[in-house]
Amino acid sequence: MRIGVLTGGGDCPGLNAVIRAVVRKGESVYGHSFVGFRDGWRGPLTGDTVPLDTAAVRGILPRGGTILGSSRTNPYAAVDGPSLIRENLAAAEIDALVAIGGEDTLGVAAQLHAEGLPVVGVPKTIDNDLFATDYTFGFDTAVNIATEAIDRLHTTAESHHRVLIVEVMGRHAGWIALHSGMAGGANVILIPERPFDFDKVCAFVEARFATHYAPIIVAAEGATPIAGTLVTREGELDAFGHVRLQGIAQVLETEIRGRTGRDARATVLGHLQRGGTPTAFDRWLATRFGLHAVDAVHEGDFGVMVALHGTRIDRVPLAEATRELKTVPEELYNEAETFFG
Ligand code: F6P
């Protein structure tokens, strides 16, 4: 078989580990050959390919980013997008496709599969918000980067008796905020799933100062105040219609200063959380996802996504995996709340 591989959406530590595992097992165990498509769905849409074999994947296991490049191209937003993809895959003599991505990339994969394309999905996102898998790779790396940042911010916050607000990624789900906030001993954690009461946030801040410690607030970028209590800004939309959020940490900084008279500073971790080398856990998970994805392709089991359940890798229908987002359940947030204030 000749198998195409693409990586779409926001990049994520561990993408190269998946590519390596797919190619290494596909070539050495099954005798298949591979073609890389550049920049997510833009590759098959425009026929932009790159050679991909065992030599090309040597040394990439610990490297962040993706050797194939990525984009948020949505073929369904392009004129004749799906037909162009079919034509380009036929021209490159591709028998099957491995699509490595998050909700958007895999949503496209699910639609294309429903229209007859032989595709297998691999879940990636630092946000960990893909339904049907316990974890996505990239998440553990992002949580570790955010936790290290929180640890460092604790000491400077205490020296200056300041409130430090750390904004982490997560537009729709607060997994990074929850895990790094708990690991870093945050004073309060704000997530999109639970609109926050600004009066309570100020009370937590004062309670922490009363104990002679400085408060650290960890806020997911999609955290929102209870309707009407604070005004936040929204930016432009991407190709999948997602709003680029701007500045919850900045809003909190200004409001906390105004309301409490305390010095407050915002730190936005942004793309630091997605860059650099993956943790051992993410390399392990990404490698296993790659091995199982190429098994599915070899067996002709298309329209599935590989998923982690406990320590087992299963296959779940792509349509089911992309039906809804996995958000933070109430009981997990309640656990974290024990340490607020
Ligand atoms: O989906 C991954 C993610 O890193 C989100 O956490 C974040 O909201 C978004 O991508 C940022 O996208 P971009 O890199 O396109 O600004």
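No experiment lies behind these values; they were computed from the predicted model shown.

Enquirer: Is there a simple way to explain the site of the ligand in this structure?
Expert: The immediate surroundings of the ligand are formed by Arg-72, Ile-126, Asp-127, Met-169, Gly-170, Arg-171, Glu-221, His-271 and Arg-274. A distance of 2.6 Å separates an oxygen atom of the ligand from a polar atom in the side chain of Asp-127. Burial of the ligand by the protein amounts to 82% of the accessible area it has alone, namely 400 Å². Split into classes, the residues belonging to the shell around the ligand amount to two nonpolar, two polar and five charged. Looking at the shell around the ligand, you find at least three residues from each of domain 1 (2–137 + 278–321) and domain 2 (141–275).

Enquirer: Can you help me understand the pairing of strand S12 (residues 304–309) in this one?
Expert: The two faces of the sheet receive side chains in turn, since in a regular strand these alternate between them. Burial runs high along S12: five of the six residues are buried. Bridge count between strand S5 (residues 119–123) and S12: two bridges; the pairing is parallel. Within the sheet, the bridge partner assigned to Gly-121 lies in S12 and is Met-305. Pairing analysis gives six bridges linking S12 to strand S13 (residues 312–317), with the strands arranged antiparallel. Within the sheet, the bridge partner assigned to Leu-308 lies in S13 and is Ile-313.

Enquirer: Sorry, what's going on with the sheet that holds strand S8 (residues 216–220) here?
Expert: Overall, parallel pairing links the four strands, which are arranged S7-S8-S6-S11 in an open sheet. Each edge of the open sheet carries a strand with a single partner, namely strand S7 (188–190) and strand S11 (264–268). Shown here is a sheet whose adjacent strand axes are inclined to one another by a mean of 20°, direction ignored. Pairing of strand S6 (residues 163–168) with S11 involves five bridges; the strand directions are parallel. When the bridges of S11 are listed, Val-166 appears paired with Thr-267. Contacts from helix H7 (residues 198–210) reach S6, S7 and S8 within the one sheet, and its direction differs from that of S7 by about 155°.

Enquirer: Just checking my understanding: could you explain the sheet that holds strand S1 (residues 2–7) for this structure?
Expert: In a beta sheet, neighbouring strands pair by backbone hydrogen bonds and run either parallel or antiparallel. Spatially, the seven strands line up as an open sheet ordered S3-S2-S1-S4-S5-S12-S13, and their pairing is mixed. Both edges of this open sheet fall to strand S3 (49–52) and S13, since each of them pairs with a single strand only. Along the sheet, successive strands turn relative to each other by an average axial angle of 30°, direction set aside. Of the strands in this sheet, S1, strand S2 (33–37), strand S4 (96–101), S5, S12 and S13 are in contact with helix H9 (residues 280–299), which crosses S13 at around 50°.

Definitions and limits used
- Starting from 1, residues in each chain are numbered consecutively following that chain's sequence as written.
- With the structure being a predicted model, the display of local features is reserved for residues of pLDDT at least 70 and the display and counting of side-chain atom pairs for 80 or more, all residues being used for whole-chain, interface and lining totals.
- The basis for every side-chain value is the complete set of non-hydrogen atoms in the structure, without hydrogens or water.
- Being near a molecule or strand, for a residue, means having at least one of its heavy atoms within 4 Å of it.
- In protein, a polar contact requires one atom able to donate a hydrogen and another able to accept it; more generally it is a pair of N or O atoms within 3.5 Å, and residues adjacent in sequence count only if both atoms are side-chain atoms.
- With residues, only the protein chains shown are counted as cover, and all accessible areas are computed by Shrake-Rupley using a 1.4 Å probe.
- The residue classification treats Ala, Val, Leu, Ile, Met, Phe, Trp, Tyr, Cys and Pro as nonpolar and Asp, Glu, Lys and Arg as charged. All others, Gly included, are polar.
- Domain start and end points were adopted from an automatic or database domain assignment.
- Under the scheme applied here, a residue whose accessible area is under 20% of the maximum for its type counts as buried, over 50% as exposed, and between as partly exposed, the area being computed with a 1.4 Å probe on protein chains only.
- The helix and strand labels rest on DSSP assignments: H or I over at least four residues marks a helix, E over at least two residues marks a strand, and numbering proceeds from the N terminus.
- A pair of strands is considered paired only if DSSP assigns at least 2 bridges between the two.
- Axis geometry follows a simple rule: fit a line to the C-alpha atoms, using only the stretch in contact for helices, then measure angles between N-to-C directions, giving values from 0 to 180 degrees.
- Two residues form a contact once any of their heavy atoms are found within 4.5 Å.

Bear in mind that shape data such as this cannot, by itself, settle questions of function.
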